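# A look at the structure
Listed below, chain by chain, are the residues.
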Number of protein chains: 2
Amino acid sequence: MLSENRDPDRPAHPGGFLTSEAGKSDHRRAEHCVDFSVSVVLPAGGTGERTGLQTPKQYCSFLGRPLISYTVQAFERVSWIQSIVVVVAKESMDLMMDVIQRFQHRKVRVVQGGLTRHRSIWNGVLALGGEGEGESAAADRPKVVIIHDAVRPFVEEDFLYKIAMAAKEQGASGAIRPLVSTVIATTAEGYLDHSLERAKYRASEMPQGFTYDVIHQAYQRCTESDFEFGTECLHLALQYCGTNAKLIQGPPTLWKVTYKRDLAAAESMIKDSLSQSACIITGGSAHAVSLAAALQKAVGALNMELEVIPDLMGESSSYLLKEWNFIQVSVDCSCLSEVETLLRDLEAANRALLHPLVVIWVHLSCADEPSISGRKVEPDGIMELASASKLRNILLYGIQLRQSKDTERWERSVLKVAEISSTLIRERSPALVGQLLQA
Amino acid sequence: MLSENRDPDRPAHPGGFLTSEAGKSDHRRAEHCVDFSVSVVLPAGGTGERTGLQTPKQYCSFLGRPLISYTVQAFERVSWIQSIVVVVAKESMDLMMDVIQRFQHRKVRVVQGGLTRHRSIWNGVLALGGEGEGESAAADRPKVVIIHDAVRPFVEEDFLYKIAMAAKEQGASGAIRPLVSTVIATTAEGYLDHSLERAKYRASEMPQGFTYDVIHQAYQRCTESDFEFGTECLHLALQYCGTNAKLIQGPPTLWKVTYKRDLAAAESMIKDSLSQSACIITGGSAHAVSLAAALQKAVGALNMELEVIPDLMGESSSYLLKEWNFIQVSVDCSCLSEVETLLRDLEAANRALLHPLVVIWVHLSCADEPSISGRKVEPDGIMELASASKLRNILLYGIQLRQSKDTERWERSVLKVAEISSTLIRERSPALVGQLLQA
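Given the structure is predicted, the values throughout are model-derived calculations rather than measurements. (Residues numbered from 1 in each chain as written. Chains lettered and ligands numbered in written order. Predicted model: local features only at pLDDT ≥ 70, side-chain atom pairs only at ≥ 80, totals over all residues. Heavy atoms only, no water.)

Residue and element names in this part refer to chain A. Structurally, aspartate 158 is set in helix H6 (residues 157-170). Overall, the relative accessible area of 30% leaves aspartate 158 in the partly exposed class. Each C-alpha atom of the pair aspartate 158 and serine 429 lies 32 Å from the other, and the pair is 271 residues apart in sequence. (Helix = DSSP H or I, 4+ residues; strand = E, 2+ residues; numbered from the N terminus. Buried < 20%, exposed > 50% of the residue type's maximum accessible area, 1.4 Å probe, protein only.)

Shown next as structure tokens:
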């Protein structure tokens with residue numbers, strides 16, 4: 001279950017958030033040679049009462065996938081991380097097991113949490129150490145344990161590397177951020193007592209790293225009161241092991257999804273990461289190639305990159321594995337066979353497992369006489385195909401436009417295709433699948 | 001310019017955020033009898049470097065309107081607030097004047113800021129006090145000054161009332177929030193020194209309130225160093241006037257738009273507030289009334305309320321002034337005259353000044369024979385109308401469906417209209433205006 005072998009059916013880049021250049025994370029991975037064992041404890045027992053929602057926020061769904069799966073994925077894609085222990089409330093064990101199965105997570109073990117955050121983390125550390133499982137399991141215990149929050153899904157490999165290295169060298173390490181607000185002390189009656197000088201303090205964030213020995217000793221020695229009321233692992237390491245953690249400033253994206261507004265912010269970041277580029281398939285037709293070139297320019301102004309390819313054969317087949325968005329251009333052919341082939345290829349590549357894919361079928365009419373029977377697209381066909389694809393997490397939309405000799409008119413149409421495509425790709429709206437839009 | 005008289009052309013409720021029940025804020029306003037004068041200083045000189053964007057965040061646009069206009073509006077709609085002084089950087093004076101003119105803000109004066117936050121606020125306070133403008137101006141100085149941030153647009157009248165009352169009684173008051181992260185002190189070398197006990201501290205937020213005398217005296221007595229490096233007005237009131245501010249816990253919506261993710265969160269909150277309800281106009285036809293009733297049920301499940309009215313005559317004309325979203329049902333009539341009338345009424349009521357309005361034209365075919373010429377809707381008409389309306393900030397979309405005797409089929413169509421409408425209303429996407437969607 002904890003095997004590090006890559007599943008060949010699994011996409012090579014299951015969504016490296018905030019990594020805009022393709023291949024960049026591979027490059028980094030090569031640099032980050034970690035020659036000691038690192039595992040992760042992910043406490044996920046929170047009730048999420050501050051969002052004001054029924055569902056604990058780690059189980060809130062973003063594009064059909066719970067937040068915790070994004071966080072697990074953020075660790076899973078890091079090659080030097082051995083295993084991830086997710087600590088969940090008893091009543092959520094089944095739910096979590098279901099998430100792991102549905103989204104084919106590897107490297108993950110689920111452990112039952114305690115009544116407080118510290119008790120849950122301690123359970124996770126014990127599970128990593130193989131306590132109660134005999135000596136052979138104990139020999140597997142990691143050198144470094146990274147502790148993170150289930151509701152901070154956007155952690156990047158670069159930063160995890162810094163935390164792991166500092167933890168190994170110093171015994172403990174933690175992410176910090178500058179304070180956004182001044183911190184003040186209040187009197188018992190609710191008046192200002194004093195304010196802290198903002199520059200001297202930092203917000204303690206996650207992830208934090210510890211050598212196994214430090215975190216194990218800290219929990220073994222700490223009091224019932226620490227277990228009950230404490231929140232800060234760094235404090236325990238200082239108090240019970242004399243370890244002053246190395247503090248490292250993290251990026252703002254480390255923030256904790258806490259309030260309802262944070263759900264919107266997280267969704268927007270996920271959508272951003274999925275809508276940076278698209279692959280346009282021309283079928284080789286000269287009309288389609290010229291439309292693609294014009295679109296390439298137009299979507300550039302909308303902050304999206306477009307790769308133009310004739311088909312998905314040969315080297316181009318790699319786009320199947322690295323792109324979330326496809327635009328298939330059909331010229332004068334109202335049949336959907338090209339887009340059907342694309343949909344089949346995407347399904348075969350199991351590409352829609354983690355995120356909904358967007359496929360836009362662009363129908364370009366070039367014939368002189370308008371609406372020759374057989375060339376006019378009937379909306380029912382694409383609607384049926386889209387309904388079927390939606391069940392497999394592929395969102396299909398259609399756009400039709402007419403070639404025009406009037407340059408101004410043509411440019412307006414192209415711009416409209418670009419704007420509509422960019423909106424469809426950004427919003428990934430399930431309600432609009434199968435619509436045939438006019439450009 | 002500072003007159004409190006309401007402009008009759010101005011909508012009665014220019015967007016009371018987070019106030020879901022219509023009329024509720026009127027009710028509150030009656031309760032909040034403030035018998036002393038209150039004015040506001042809004043420092044808006046920040047550069048917004050933490051968002052990573054070129055535009056300072058107070059000028060970032062949300063649905064076509066800069067953030068600062070939302071914040072100004074939040075104060076402007078409070079009847080007992082006399083005047084608002086916006087303090088801006090010299091280079092943004094023209095931009096701010098333009099915002100005030102475009103969105104027809106009243107009660108607002110623009111003052112040039114200083115080099116630091118405290119110097120800017122001091123300039124604002126001096127402007128309120130009529131310093132240098134003779135005794136008559138000085139007599140106008142407010143009893144209480146509320147200081148707020150330009151980038152906290154979601155402040156509500158209820159909370160402003162609490163702040164103003166506490167400031168009048170105690171001399172100073174301020175909003176606080178629980179800390180989300182533990183606060184830690186760091187050593188000069190970047191190691192953990194100690195962590196603060198989270199329960200004893202609070203984050204100091206905005207708004208804050210002061211009697212004019214306290215804030216004036218605090219700034220008159222404070223040092224150059226305070227002006228240069230200080231950030232906390234409550235601290236100055238304590239240090240230089242011996243006033244311990246009353247601290248009041250505010251709602252999470254008071255948060256400060258700081259990072260790029262906060263822009264997405266703010267946009268989402270604005271969209272939420274605009275998409276809670278819609279008004280459906282049936283024209284009185286029995287088919288339309290029955291569709292409306294079915295839609296009412298279906299959008300209820302999507303967390304939206306629907307008011308069904310036959311037309312916008314008589315008492316129903318009040319919907320023109322209180323609703324942001326309209327659905328016009330036309331039965332068997334492919335002409336757009338009903339929706340054209342609605343668009344004219346909305347323009348006459350100047351309803352799209354502060355937010356884009358959404359109008360959805362639903363075309364219901366009930367005739368037995370499909371596509372009788374003249375009944376089939378041509379997409380060009382609605383596209384042209386939508387392009388013209390978009391220039392006036394009204395977003396027009398079309399949906400067509402066919403009455404069916406097959407109950408299951410009919411219910412599926414109705415659900416689709418509900419889903420599409422709810423998506424169009426929520427997203428307010430300019431790229432999709434004029435499209436005729438199929439349900």
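Superposing chain A onto chain B takes a rotation of 180 degrees combined with a translation of 0.0 Å along the rotation axis, leaving an RMSD of 0.0 Å. Considering both components of the superposition, the chain copies are consistent with a two-fold axis. By C-alpha distance to the rotation axis, the residue of chain A lying nearest is alanine 265 of chain A, at 2.4 Å. Comparing interface residues between copies, 100% of those in chain A also sit at the interface in chain B, which points to an isologous, same-surface contact. (Least-squares fit on C-alpha atoms with pLDDT ≥ 70 in both. Contact = heavy atoms within 4.5 Å.)

Here the focus is the interface of chain A and chain B. Contacts between the two partners involve 61 residues from chain A and, on the opposite side, 61 residues from chain B. For the pair chain A and chain B, the summed buried surface comes to about 5,300 Å²; carbon and sulfur atoms form 58% of the total. Counting every contact that joins chain A to chain B gives 26 residue pairs in polar contact (both at pLDDT 80 or more). It is helix H10 (residues 260-274) of chain A that contributes the most residues to the side of chain A that touches chain B, 7 residues altogether. By residue class, the composition of the side of chain A that touches chain B is 27 nonpolar, 17 polar and 17 charged. With 4 bridges joining them, strand S8 (residues 182-186) of chain A and strand S10 (residues 201-211) of chain B adopt antiparallel strand pairing. Bridged to valine 183 of chain A within S10 of chain B is alanine 203 of chain B. (Buried area = accessible area lost by both parts, 1.4 Å probe. Polar contact = N/O pair within 3.5 Å; in protein donor to acceptor, adjacent residues only side chain to side chain. Nonpolar A, V, L, I, M, F, W, Y, C, P; charged D, E, K, R; others polar. Pairing = 2+ DSSP bridges.)

With that settled, consider the side chain of arginine 261 of chain A. In this structure, arginine 261 of chain A sits in helix H10. Buried and unpaired, arginine 261 of chain A has aspartate 262 of chain A as its nearest opposite-charge partner, separated by 4.2 Å. Excluding residues that lie within four positions of it along the chain, arginine 261 of chain A makes contacts with Pro252, Trp255, Ala265 and Met269 of chain B. (Lys, Arg positive; Asp, Glu negative; His and termini not counted. Salt bridge = Lys/Arg side-chain N within 4 Å of Asp/Glu carboxyl O.)

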